[in-house]
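# Structural characterization, general
So you can see what is in the structure, the chains are spelled out below.
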Amino acid sequence: MAWKRKYMKKVVVAIDSFKGCLTSKEANRAAAEGIKSVHPEAEIVQVPVSDGGEGFMEAFHAAIGGELVEITVRDPLMRLVSAKYLLKDKLAVIEIAQASGLTLLTKEERNPMAATSYGTGQLVADAVRRGAAHIIVGLGGSATSDAGIGMLRALIDAYAKHGEWDDVEALKNVCFTIASDVKNPLCGENGAAYVFAPQKGASPEMVLRLDDRARKFAKVSAKHFGYDRSEAEGAGAAGGLGYAFLQYMNADCKPGIELLLDTIKFHEIVKDADLVVTGEGSADRQTLMGKLPMGILKQSGDVPVFLIAGRISDKEELLKAGFAHAGCIAPEGITLEEAMRKEVAARNISDTVRRLTNR
């Protein structure tokens, strides 16, 4: 939708985190400063957002309130680590990166053959103990590729008297929803090991072994339950954690941004806005395949949406999809290292948004 400069009463800012650089809140704040410098009278509504990865729990906390529960769990290498999840009445929101995230390991420690999702199971168990009846799980940023075996073991340890999954009665009446934009199956060349394990430190040989391990686990599980979810969309998310939730907890799978925007009634927030500003670290044609900015665009109705990013390509396709503008925040000639500095990125966002809204 075309946009021309006008007097603005209300602008909604909902920018994804710039990974390794700015959180969603920080990016929103920088954009708001840029808008205020041009439209000082405008009401600026800042909405922290996430698609299921970094900042997912915080985005829900900002939207619905609740208590951030902090407990000690096991990290991917079974070391003790402090992790949080959100509890609001009978709803819990868990970000698996808190316990099983890649950021908890140094580059040298990355090893998906050894990394376990056990700590995520501990978070689930604690939420259930505190009365959670619906658990939303953000599946981004994992260090693991264990098909959720570690998580299931933690739940068995917490609840099964005889060490068997069928003894885990505590989860029978708990509803699970996994938040993921990943549509990959558990196994095969498009599966968790082949597509995602190399960035978690897997060698080509490891990839083969991880895929074989997941395939055998899925075969045993299918025989036990009488059905097989290993081919379901989202099964390959978070190193197969998606599969464990789908197969063992009968979870629903939804895009993370859709879950969040529906929860906060985003379409109500934007209905009287003059402009929406969204963004992400890198925007290209993959953005159109259900990534966060597309979720914002879809729920913004007739309100023009500006897309900003640290790197932009396929601009014409982005504009054709419906964005009123698609702009890169990085000045020409800037190095990646300089662009990734927090204060530089914030200033570039502010400057870009000021320039765009002042045209």
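Described below are features of the structure shown in this document. Each chain carries its own residue numbering, running from 1 in the direction its sequence is written. Per-residue local features are limited, in this predicted model, to residues with pLDDT of at least 70; the limit for side-chain atom pairs, both in listing and counting, is 80 or more; totals at the level of whole chains, interfaces and linings are taken over all residues. Remark: hydrogens and water are excluded; side-chain values derive from all non-hydrogen atoms of the structure.

Each α-helix winds once per 3.6 residues, and so residues spaced three or four apart point in a common direction. Going along the chain from the N terminus, every DSSP run of H or I of four or more residues is numbered as a helix, and every run of E of two or more is numbered as a strand. In this scheme, a helix's expected span is set at 1.5 Å multiplied by one less than its residue total. An ideal rise of 1.5 Å per residue puts 21 Å on 15 residues; helix α1 (residues 24-38) measures up with 22 Å between its terminal C-alpha atoms. Each residue's exposure class comes from its accessible area (1.4 Å probe, protein chains only) as a fraction of the maximum for that residue type: buried when under 20%, exposed when over 50%, partly exposed otherwise. If you check which residues of α1 are buried, you get S24, A27, N28, A30, A31, A32, G34, I35 and V38. We call two residues in contact when some of their heavy atoms are within 4.5 Å. The elements touched by buried residues of α1 are β1 (10-15), β2 (43-46), β9 (275-283) and α14 (342-357).

Let us look at the sheet that holds β1. For two strands to be treated as a pair, DSSP must find no fewer than two bridges joining them. Strand order in the open sheet made by the five strands is β2-β1-β9-β10-β11, with parallel pairing throughout. In this open sheet, the two edge strands, each paired with only one partner strand, are β2 and β11 (325-328). If you compare each strand with its neighbour and ignore which way they point, the axes differ by 20 degrees on average. Direction of pairing for strand β10 (residues 305-312) relative to β11: parallel, over a ladder of four bridges. Bridging across to β11, I308 finds its partner in G327. A fitted line through C-alpha atoms serves as each axis, taken over the contacting stretch for helices, and the angle formed by two N-to-C directions is quoted from 0 to 180°. Across the sheet, α14 lies against β9, β10 and β11, angled at about 140 degrees from β10, the strand it touches most.

This next bit is on the sheet that holds strand β6 (residues 134-138). Here six strands make up an open sheet; going across it, the order is β3-β4-β5-β6-β7-β8 and the pairing mixed. The sheet is open, and its two borders are formed by β3 (67-74) and β8 (252-254), each paired with just one other strand. Strand-to-strand twist in this sheet, taken as the mean axis angle between neighbours without regard to direction, amounts to 25 degrees. Here strand β5 (residues 91-95) runs beside β6; their pairing, made up of five bridges, is parallel. The partner of I94 across the bridge, within β6, is V137. Relative to the sheet, helix α4 (residues 118-129) contacts β3, β4 (80-88), β5, β6 and β7 (175-179), its axis offset from that of β3 by approximately 135 degrees. Its contacts with the sheet place helix α8 (residues 241-248) against β6, β7 and β8, and it is angled at close to 155 degrees to β7.

Once that is clear, we can look at the nonpolar core. In this structure, I135, L139, W165, F176, F245 and M249 are the most contacted members of the largest nonpolar core, which totals 49 residues. In terms of residue count, α8 provides more of this core than any other element does, six residues in total. Apart from the residues lying within four places of it in its own chain, the contact partners of W165 are L152, L155, I156, L171, F225, Y248 and M249. To define a nonpolar core, start from buried Ala, Val, Leu, Ile, Met, Phe, Trp, Tyr and Cys residues and group those joined through side-chain atoms within 4.5 Å. One finds V49, A59, L260 and L318 within the second-largest nonpolar core, a separate group that totals 34 residues.

Pairs can form between side chains of opposite charge once their charged atoms are near each other. Each reported salt bridge corresponds to a side-chain nitrogen of Lys or Arg within 4 Å of a carboxyl oxygen of Asp or Glu. Throughout the structure, instances matching the rule amount to 15 salt bridges. Here D126 and R130 are joined by a salt bridge, their closest N and O atoms 2.7 Å apart. Here D126 falls in the buried class, since its relative accessible area comes to 12%. For R130, a relative accessible area of 44% puts it in the partly exposed group. Put simply, R215 and D211 hold a salt bridge, and the shortest N to O gap is 3.0 Å. One end of the pair, R215, and the other, D211, are both in helix α7 (residues 204-225), four residues apart, so they sit about a helical turn from each other. When salt bridges with common partners are traced through the structure, they connect D75, R79 and E109 into a single cluster.

Don't take any of this as a statement about function, it's just geometry.
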